[in-house]
Amino acid sequence: MVKILSKRLGPVEIDETVTLQFPAGLPGFERCTRIALVERPSLAPLVFLQSLDLPEVCFLATPVTAIDPGYQLSMTLEDLECLGLESLELAEDLLCLAILGPSESGNFTANLLAPVVIHRKARRGVQAVRIDSRYSHQHPLGGEGAPCS
Amino acid sequence: MLVIRRRCGESLMIGDDVEIEVLECGGTHVKLGIRAPKQITVLRKEIHLTGRQNRLATGELSSADMSRLLKSLR
């Protein structure tokens, strides 16, 4: 077990044997190659992607289907290779998360352009930046902008 | 926006050191070759946007922000 003082979670103990390997890191955070998926039932459907290399780096994420139930995943060959897969059709046990964050205007958005795809069995992950422009890197979240009731 | 018409095999220069060559043209795709000094980062725009969004996503978050975020997900 490794103890980390997480920016979002406070002190957490992480089992290194279940850590996910992100061989390429994440864009802007290329040094973050070991990431733990931390879930807190009281905060579902929110999950945390905590870096073990940089404790100050912790992403908030949620399954893409919680944002867009019809989301169609598309990955480059390089990204599939990062997960040790040859094709998306043959892949099982993939978890597809959208990183949540504010836009420049402060509203929360989800990055559907670049989902974090985790191959649970292989314990590998990659942020799969799409090559098409079908989805936005700042997809507005449901409740945002709605008038207060 | 500056628009320049080029054919396959032709190049354009950005400054003195960056060269962009059109290698292949297809129906919906073009293949570009880029020659640039090592210190210049060349990225697909989607990766650049994601890097910037990732940095925004790791910024400070108050507990009020967290409850607002949870509310918008549930």
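Residues numbered from 1 in each chain as written. Chains lettered and ligands numbered in written order. Predicted model: local features only at pLDDT ≥ 70, side-chain atom pairs only at ≥ 80, totals over all residues.

Draft legend 1. Representation of the overall build of chain B in the model. On a plain count of helices and strands, chain B comes out with two helices and three strands. The N-to-C order of helical and strand elements in chain B reads β-β-β-α-α. With respect to the principal axes defined by its C-alpha atoms, chain B has extents near 55 × 30 × 20 Å. The buried share of chain B, taken over its 74 residues, is 11%. Here the contacts in chain B between residues at least 6 apart in sequence split such that 0% fall between residues at least 24 apart. (Helix = DSSP H or I, 4+ residues; strand = E, 2+ residues; numbered from the N terminus. Buried ≥ 20, exposed ≤ 12 C-beta atoms within 10 Å, placed from the backbone. Contact = placed C-beta atoms within 7 Å.)

Draft legend 2. Broad picture of the sheet that holds strand S3 (residues 30-35) of chain B. Residues and elements named next belong to chain B. Ordered by their spatial adjacency, three strands build an open sheet running S1-S2-S3, and the pairing between neighbours is antiparallel. Two strands close off the open sheet at either side, each with one partner strand: strand S1 (11-14) and S3. In this sheet, adjacent strand axes meet at a mean angle of 25° when their direction is disregarded. Relative to S3, strand S2 (residues 18-25) is paired through six bridges, and the arrangement is antiparallel. Counted as the bridge partner of glutamate 19 is arginine 35 from S3. (Pairing = 2+ DSSP bridges. Axes fitted to C-alpha atoms, helices over the stretch in contact; angles between N-to-C directions.)

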